[in-house]
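# Coordinates in review
Listed here are the chains, written in short residue letters.
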Amino acid sequence: MKQTLEQIKKDFNLELGNVKTLSDAENLRVKFLGKKGAITAVMPMLRDVPAEQKREMGMLLNEVKNHVQNSLDEKIKQLNEQEIENQINSAEKIDITMPVNLGVGSLHPRTIIQKEVEDVFISMGFVVDTGNEVETEFNNFDAVNVPSSHPARDVQDTFWLTNGEVLKTHTSAAQNRILKKYGTNARVIFPGRCFRNEAVDAGHENTFFQIEGVIVNENVSVANLIYFMKEMLSKVFKKEVEVRLRPGFFPFTEPSFEMDVKCPFCGGKGCPTCGGSGWIELCPCGMIHPNVLKMAGIDSNKYSGCAFGLGFDRLVMIKSGLNDIRVLNSGNLKILKPFKLNI
Ligand code: FA5
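Read on for an overview of the structure. (Residues numbered from 1 in each chain as written. Predicted model: local features only at pLDDT ≥ 70, side-chain atom pairs only at ≥ 80, totals over all residues. Heavy atoms only, no water.)

## Notes on the overall build of the protein chain
On a plain count of helices and strands, the protein chain comes out with 11 helices and 9 strands. Relative to a compact globule of 343 residues, whose C-alpha radius of gyration would be 20 Å, the protein chain shows 37 Å and is clearly more extended. Considering only C-alpha atoms, the protein chain reaches an extent of 105 × 50 × 40 Å along its principal axes. Here the protein chain holds 343 residues, and 41% of them are scored as buried. Put simply, of all contacts in the protein chain between residues at least 6 apart along the chain, 66% involve residues at least 24 apart. (Helix = DSSP H or I, 4+ residues; strand = E, 2+ residues; numbered from the N terminus. Rg over C-alpha atoms; globule rule 2.2 N^0.38 Å. Buried < 20%, exposed > 50% of the residue type's maximum accessible area, 1.4 Å probe, protein only. Contact = heavy atoms within 4.5 Å.)

This is the structure:
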């Protein structure tokens, strides 16, 4: 056995000298240490060695095995270092000063303006939350006081799922959850994607965005509503804007209003952006209906709240000078990429 082991070591050393590549090294490893390798084959011979030589032979076997393993490790390390060295010295050099066209993308106009609006609200102490895109019939309609006879509940107007849930038709669908979550000290906005079974045109999409907000506390009034909306719109349009309230109707607010902003482009004289009227309709809003507060477990005798919506795509179109809402969902990079804010 001793002779065999010494012969194995000699053969290995000889063959190691011929190893030029990592694959040569692997072949050599298999040849000597693999399942059918020379060293593995010797191991059973240990059984037949006389007892008094067993220890010596065992040590020799280990020594040869370690020699093979360590020599191979060392060889592999050298080969790896050599490989790196070769790459550094080869013609395959990278010029880091070369201009590269990485095809970097840009943020969607909606994303840019949403962040801007959120930052304004955050600076006024609001929390940004979110709603689900798939909603229960209860949250989308019942919890916001929409009666069963309302046209929005019809299959013609709303995308109903086979399990009886809906693709939310407005961000108000999150009101019940938000009111329950933040309770009687709520100052929250919740942007989100909405879906309506609409005939699509330059001003209407079947998939569009709204940003909604609620404030709940003792003594919340229409004055708070006007203050926050005016502040928000002034910051978004980067100038002090004038707003006006017109009566509106929503089942979940009482009283309900439509808030218009005096056109920040023409100052109210009339221009293409405001359609010549001098005013832009932007924020449906109102005082939260007592039923809606009650359904969220809030005592409507002690607390009041206001809610406002923002047709967000409309704002994005105004700020980015787009006159067709369909572009926003189109993925048309020719139009979306060079997008610049008007304001
Ligand atoms: C609502 O959706 C109410 N939930 C808003 C609200 C919130 C009122 C809180 C009171 C308190 P309305 O259906 O009017 O209201 O939609 C609000 C805005 O969403 C519209 O003014 C419009 O800018 C936008 N919008 C509605 N339908 C579409 C559509 N198909 N495509 C693009 N924008 C739309």
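## Re unusual backbone geometry
Excluding glycine, residues mostly have negative phi values, and the peptide bonds linking residues are mostly trans. In this structure, the amide linkage connecting Glu254 to the following residue, Pro255, adopts the cis form with an omega of 0°. Assignment of secondary structure puts Pro255 in strand β7 (residues 253-262). At Asn145, a residue that is not glycine, the phi angle is positive and equals roughly 65°. Along the chain, Asn145 turns up in the loop between α6 (137-140) and β3 (166-167). One non-glycine residue with positive phi stands out, namely Lys238, at about 55°. Checked against the element boundaries, Lys238 lands in the loop between α8 (222-236) and β6 (243-250).

## Focus: the packing of helix α2 (residues 22-33) against helix α4 (residues 51-89)
Helix-helix packing is characterised by the crossing angle of the two axes and by the distance between the axes. Running from amino to carboxyl end, α2 crosses α4 at an angle of 170°, the nearest separation of the two axes being 10 Å. By the criterion of interaxial angle, the relationship of α2 to α4 is roughly antiparallel. In contact with Leu22, Ala25, Leu28, Arg29, Phe32 and Leu33 of α2, α4 contributes Lys65, Val68, Gln69, Leu72, Ile76, Leu79 and Asn80. Classifying every residue of the contact of α2 with α4 by side-chain character gives 9 nonpolar, 2 polar and 2 charged. (Axes fitted to C-alpha atoms, helices over the stretch in contact; angles between N-to-C directions. Parallel < 35°, antiparallel > 145°, perpendicular 65-115°, else oblique. Nonpolar A, V, L, I, M, F, W, Y, C, P; charged D, E, K, R; others polar.)

## Quick look at helix α10 (residues 312-320)
Counting buried positions along α10 gives 8 out of 9 residues, so the element sits mostly inside the fold. Every buried residue belonging to α10 is among Phe312, Asp313, Leu315, Val316, Met317, Ile318, Lys319 and Ser320, and all of these are buried. Tucked inside the fold, the buried residues of α10 contact α5 (109-123), β5 (207-217), α8, β8 (279-288) and β9 (304-311). The positive-phi residue at the C-terminal boundary of α10 is Gly321, with phi of around 70°.

## A closer look at the site of the ligand
Neighbouring residues of the ligand: 20 residues in total, closest His170, Ser172, Arg196, Glu205 and Gln210. Separating a nitrogen atom of the ligand from a side-chain N or O atom of Ser172 is a distance of 2.7 Å. Interatomic distance of 2.9 Å between a side-chain N/O atom of Arg196 and an oxygen atom of the ligand. Here the ligand has 670 Å² of accessible area as a free molecule, and 85% of this is covered by the chains. Those elements giving two or more residues to the shell around the ligand turn out to be β5, β8 and β9. In the shell around the ligand, the residues fall into 8 nonpolar, 8 polar and 4 charged. (Near = heavy atom within 4 Å. Polar contact = N/O pair within 3.5 Å; in protein donor to acceptor, adjacent residues only side chain to side chain. Areas by Shrake-Rupley, 256 points an atom, 1.4 Å probe, with all protein chains shown as cover.)

## So, the packing of aromatic side chains
As enumerated under the stated definition, the model contains 8 aromatic pairs in all. Here the aromatic rings of Phe12 and Phe32 are separated by 5.3 Å at their centres, their planes lie at 80°, and the arrangement is edge-to-face. Of this pair, Phe12 sits in helix α1 (residues 2-16) while Phe32 sits in helix α2, placing them 20 residues apart in sequence. When sorted by exposure, Phe12 lands in the same class as Phe32, which is buried. Arranged with centres 6.3 Å apart and planes meeting at 70°, the rings of Phe126 and Phe308 form a pair that is edge-to-face. Taken as a pair, Phe126 in the loop between α5 and β1 (127-128) and Phe308 in strand β9 lie far apart in primary sequence, 182 residues in all. Comparing Phe126 with Phe308, the two get one shared label, buried. The rings of Phe121, Phe126, Tyr227, Phe228 and Phe308 are connected pair by pair, giving a single aromatic cluster. (Phe/Tyr/Trp six-rings, centres within 6.5 Å; stacked < 30°, edge-to-face > 60°.)

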